[in-house]
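Summary of the model geometry
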Protein chains: 2
Amino acid sequence: MWHMIQLNKRPIGVFDSGVGGLTVARSLRKALPREKIIYFGDTARVPYGNKSKSTIDRFSREIMDFLVEKGVKAVVIACNTASSFSLPFLRNNYELPVIGVISPGIKKAISLTKSGRIGIIGTEATVNSGAYHRVLKRTGGKQYRMFSASCPLFVPLVENRMTSGEITLRVVEKYLTPLKQKRIDTLILGCTHYPMLKKVISECMKGVKLVDSSEAVAEEVRDVLASEDLIVPRNHKTGKMTCYVSDAPDNFKKISGLFLKEKVDVKKAVLR
Amino acid sequence: MWHMIQLNKRPIGVFDSGVGGLTVARSLRKALPREKIIYFGDTARVPYGNKSKSTIDRFSREIMDFLVEKGVKAVVIACNTASSFSLPFLRNNYELPVIGVISPGIKKAISLTKSGRIGIIGTEATVNSGAYHRVLKRTGGKQYRMFSASCPLFVPLVENRMTSGEITLRVVEKYLTPLKQKRIDTLILGCTHYPMLKKVISECMKGVKLVDSSEAVAEEVRDVLASEDLIVPRNHKTGKMTCYVSDAPDNFKKISGLFLKEKVDVKKAVLR
C-alpha cells in the first residue's frame, strides 16, 4: 500500500521534439491540475518531422530513459512524429504506461464525422509513417476514409510567430486545397504546432470540424491513470511543472509563452 | 618527406548541419578536382540556425573528432552558423587548418562594394552572433557599414523545393525590404541554402551584387593548402567524394541532387 501511494504521487513525463508539446501539457494541467509534470523538449535536435524512423526511435529511447530516471509514473509522447514511429517500441520496452497522441485524435475524429471522410495533416514523417491510417482502420473499421497532406512549412511559420497574414494564408491554401477537394468533414491537426494556426485553417476549411488532439490526450491520460490507480490523491494541491530542454533554455522560455499561460522552470539537460 | 607526401594525399573534411554545405563542396570539386573530400552532414540534428552557441560548439567538436579520425588534412566549416559560433574554438583546439565561410565572404564583398554599404542575410543564430560585423571591422576597417537581416523561413522553403513562386517571392520581400531601404549595394548570402534562392532575391534586390561565398571559400582553401604544402600531387586523378550523415541516408540522397551535379556515396555515421 505504501508503495502504491508513492507511485501515484510521482510526476507524469511528457516529451516532444521542442515547444509544441506544451499544448498537450496545457491540456493536462487543466484536466489534472494536481499532477506534477516533467516536460522534456528536445530543442537541440528539433524538428523531428523530416527525420527517419531509426533516428526518431533512438531519440525517443534516450528521452524515455531520462524521464524514467526522474521517476515518472507514466509517459505522454506529445509529439505526433515520435508517436507515429516509436509508440509500439516504447510500450514493448518499458513497464510504465505510455500514451501517444494518435489514438485519442482518431477517436475524437470518429465521434465528430458524419460523412466518414476524415482528413489528417502533419509533418512529412508523420504522414509517410501511415500511423493514422493504421489506427483509424483498427479503431473504426472500413466505413471511414482518410485523406492526408503533409504541411512542412507550418512548424517554421508558427515558430517564427507568423500565425496569421497573407503569407500564412497562402501556405495554408497550398497545402489544404487538395484535402478540400476530397470533401472531408473532419480534419485532425496532427502536429502539436498546428492548433496555433487554427484560425487561418478554419478560414480555408469552412464547415470542416477541426480536431485538436491535446484535449483528447488529456482525457486518455486520466482514464489510463485511473485504471492503474495512479491518480494523485485528491487532497494534494496544484502540482509543479518542470521543463527540461536539450538546447540552452532561453529560446524555449521565449517561445513557451505562445503555448502555455503559466511561468515554468526551464533547465538544460544533455542526453547521453 | 614521406610523411609530407602522406599528409597531402589525405582528404579534405567538409561539414555542415545538413545538405546546404554541398554548395561549398561543389565549388571545392571545381577548384580542386584532384582532392578527396569527406563530407559530414548532421542531418539528425539539422537545422543549426535556431540553436545556441553552447550546443553548436558541442556539435562542431563531435563532428571535428569524427573527421580527424577519418584522417583529414584540413577542415572546411561549410555552415555559416557553425562558422559564426565555433571557428575560433576549433582553431584553438585542433592542429590542422580550419577554414570557415565568413572571412572569404567578407573579402569578396569588400572587393565588390562601391558605396561601402554591405548587407548580410543568414539564420537567426548567424545574424545574432555578430560574427560578420566583427570580421568586417577587422578586415575592412571603419569605411564599411554592414546591415543584417535574419531570414528563418528561407531554409524550410529551399528544403521543400519552393525556390520560386508567389509565396517565396512574398517571403523574400518581407525579409529584404528593410535592407533595400538601407541602400546597400552588395549582399552576402550568409547561409549555404540561400544561393538556391538567388533568382528571387535578385528580382527583389535589383542592382545589388549578390555574394555567394562558396567560390570564395574554395579559393581560400586552395591558398591555405598551398601555403602549408598540403595540395595533392598534380599526377593524381579526380579525387573521390564520400558523404556521411547522422540521419538515414535516403532523404540526403534525394535532396543532394539540388546542390550537387554528381552521384556520391552516402553512409550513415552516428556521432558519440
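Its rotation angle being 180 degrees, the transformation that places chain B on chain A also includes 0.0 Å of axial translation and leaves an RMSD of 0.0 Å. Put plainly, the chains are arranged around a two-fold axis. Relative to the rotation axis, the C-alpha of Arg45 of chain B is the closest in chain B, positioned 2.2 Å from it. In this assembly the copies share their binding face: 100% of the residues contributing to the interface of chain B also contribute to that of chain A.

Right, let's get into the pattern of salt bridges. Residue and element names in this part refer to chain A. Inspection of every chain in the model, using the stated rule, returns 22 salt bridges over all chains. Of the charged contacts in the structure, one is a salt bridge between Arg170 and Glu166, with a shortest N-O distance of 3.0 Å. In this pair, Arg170 and Glu166 both sit in helix α9 (residues 166–181), four residues apart, roughly one turn of the helix. Residues joined in a network through salt bridges with shared partners are Asp42, Arg45, Arg58 and Glu62.

When the parts come together, some accessible area is lost, and that loss is often what is quoted as the size of the interface. Opposite the 33 residues of chain B that make contact, chain A presents 33 residues. Here chain B and chain A share an interface that buries about 2,500 Å² over both sides, 54% of which is from carbon and sulfur atoms. Between chain B and chain A we count two salt bridges in total. For the pair chain B and chain A, the interface holds 12 residue pairs in polar contact (both at pLDDT 80 or more). Going through the elements one at a time, α3 (53–69), α8 (154–159) and α9 (166–180) of chain B are the ones with two or more residues in the side of chain B that touches chain A. Grouping the amino acids of the side of chain B that touches chain A by side-chain chemistry returns 13 nonpolar, eight polar and 12 charged.

Membership of the largest hydrophobic core comes to 145 residues, with the highest contact counts inside it found for Ile121, Leu187 and Ile201 of chain A together with Ile121, Leu187 and Ile201 of chain B. For Leu187 of chain A, the contacting residues outside a window of four places in its chain are Gly119, Ile120, Ile121, Leu176, Leu179, Ile201, Met205, Val208, Lys209, Leu210 and Val211 of chain A.

Turning our attention to the side chain of Glu62 of chain B. Inspection of the secondary structure puts Glu62 of chain B in helix α3. Sequence-distant contacts of Glu62 of chain B, that is, excluding residues within four places in its chain, are made with Arg272 of chain A together with Arg45, Leu271 and Arg272 of chain B.

Residue and element names in this part refer to chain B. Three or more residues of helix α12 (residues 249–256) are buried, namely Pro249, Phe252, Ile255 and Ser256. Along the long axis of α12, the arc covered by the buried residues comes to 140 degrees, so they all point the same way. What points out from α12, more than 90 degrees from its buried face, is the exposed set Asp250 and Lys254. Buried-residue contacts for α12 involve α2 (22–31), β2 (37–41), α8, β9 (241–245) and β10 (265–268).

Within a sheet, each strand pairs with its neighbour through backbone hydrogen bonds, oriented either parallel or antiparallel. Residue and element names in this part refer to chain B. One open sheet accounts for four strands, arranged β6-β5-β7-β8; its pairing is parallel. The sheet is open, and its two edges are formed by β6 (145–150) and β8 (209–212), each paired on a single side. Adjacent strand axes in the sheet meet at a mean angle of 25 degrees, parallel and antiparallel pairs treated alike. Most of the contacts of α9 go to β6, to which it runs at about 165 degrees, and overall it touches β5 (117–122), β6 and β7 (186–189). The strands touched by helix α11 (residues 213–227) are β7 and β8; relative to β8, the strand with the most contacts, the crossing angle is about 50 degrees.

For the rest of this paragraph, the subject is the packing of aromatic side chains. Residue and element names in this part refer to chain A. Counted according to the given criterion, the structure contains 12 aromatic pairs over all chains. Measuring from ring centre to ring centre gives 5.2 Å for Phe66 and Tyr244, while their planes differ by 70 degrees; the resulting arrangement is edge-to-face. You can see Phe66 sitting in helix α3 (residues 53–69) and its partner Tyr244 sitting in strand β9 (residues 241–245), a full 178 residues away along the chain. Assessed through its relative accessible area of 11%, Tyr244 is described here as buried. One residue, Arg45, lies across the ring of Phe59, its end atom 3.7 Å from the ring centre.

This paragraph deals with the packing of α3 of chain B against helix α4 (residues 80–93) of chain B. Residues and elements named next belong to chain B. Axis separation between α3 and α4 bottoms out at 9 Å; the angle between their running directions is 65 degrees. Of the possible angle classes, the one that applies to α3 and α4 is roughly perpendicular. Relative to α4, the crossing made by α3 is right-handed. Counted together, Lys53, Ile56, Asp57, Ser60, Arg61 and Met64 of α3 and Thr81, Ala82, Phe85, Ser86, Phe89 and Leu90 of α4 form the full contact between these two elements.

Residues and elements named next belong to chain A. Put simply, Val46 and Pro47 share a cis peptide bond, and its omega is -5 degrees. Positive phi values are uncommon outside glycine, yet Asp229 reaches one of about 60 degrees. By the element assignment, Asp229 lies in the loop between α11 (213–227) and β9. In this structure Asp229 comes out as exposed when scored by relative accessible area, which is 55%.

This next bit is on the pairing of strand β5 (residues 117–122) of chain A. Residues and elements named next belong to chain A. Extensive coverage of β5 is indicated by the burial of six of its six residues. Every second residue of β5 is oriented toward a common face, with Arg117, Gly119 and Ile121 on one face and Ile118, Ile120 and Gly122 on the other, all of them buried. Across six bridges, β5 lies against strand β6 (residues 145–150) in parallel orientation. Residue Ile120 lies in a different strand from β6, and its bridge partner there is Ser148. The pairing of β5 with strand β7 (residues 186–189) spans four bridges and is parallel. What sits directly across from Ile118, in β7, is Thr186.

Moving on, we get to the state of the cysteines. Residues and elements named next belong to chain B. The tally for this structure, following the rule as stated, stands at zero disulfides over all chains. There is no disulfide at Cys79, and the cysteine sulfur nearest it, in Cys191, is 7.3 Å away. In this structure Cys204 is a free cysteine whose sulfur lies 10 Å from that of Cys151, the closest cysteine sulfur available. You can call Cys204 buried: its relative accessible area is 6%.

Definitions and limits used
- Residues numbered from 1 in each chain as written.
- Chains lettered and ligands numbered in written order.
- Predicted model: local features only at pLDDT ≥ 70, side-chain atom pairs only at ≥ 80, totals over all residues.
- Heavy atoms only, no water.
- Least-squares fit on C-alpha atoms with pLDDT ≥ 70 in both.
- Contact = heavy atoms within 4.5 Å.
- Salt bridge = Lys/Arg side-chain N within 4 Å of Asp/Glu carboxyl O.
- Helix = DSSP H or I, 4+ residues; strand = E, 2+ residues; numbered from the N terminus.
- Buried area = accessible area lost by both parts, 1.4 Å probe.
- Polar contact = N/O pair within 3.5 Å; in protein donor to acceptor, adjacent residues only side chain to side chain.
- Nonpolar A, V, L, I, M, F, W, Y, C, P; charged D, E, K, R; others polar.
- Core = buried A, V, L, I, M, F, W, Y, C linked by side-chain atoms within 4.5 Å.
- Buried < 20%, exposed > 50% of the residue type's maximum accessible area, 1.4 Å probe, protein only.
- Arc of directions from axis to C-beta.
- Pairing = 2+ DSSP bridges.
- Axes fitted to C-alpha atoms, helices over the stretch in contact; angles between N-to-C directions.
- Phe/Tyr/Trp six-rings, centres within 6.5 Å; stacked < 30°, edge-to-face > 60°.
- Lys NZ or Arg CZ within 6 Å of the ring centre and 35° of its normal.
- Parallel < 35°, antiparallel > 145°, perpendicular 65-115°, else oblique.
- Left-handed = near helix turned anticlockwise from the far one by under 90°.
- Disulfide = S-S within 2.5 Å.

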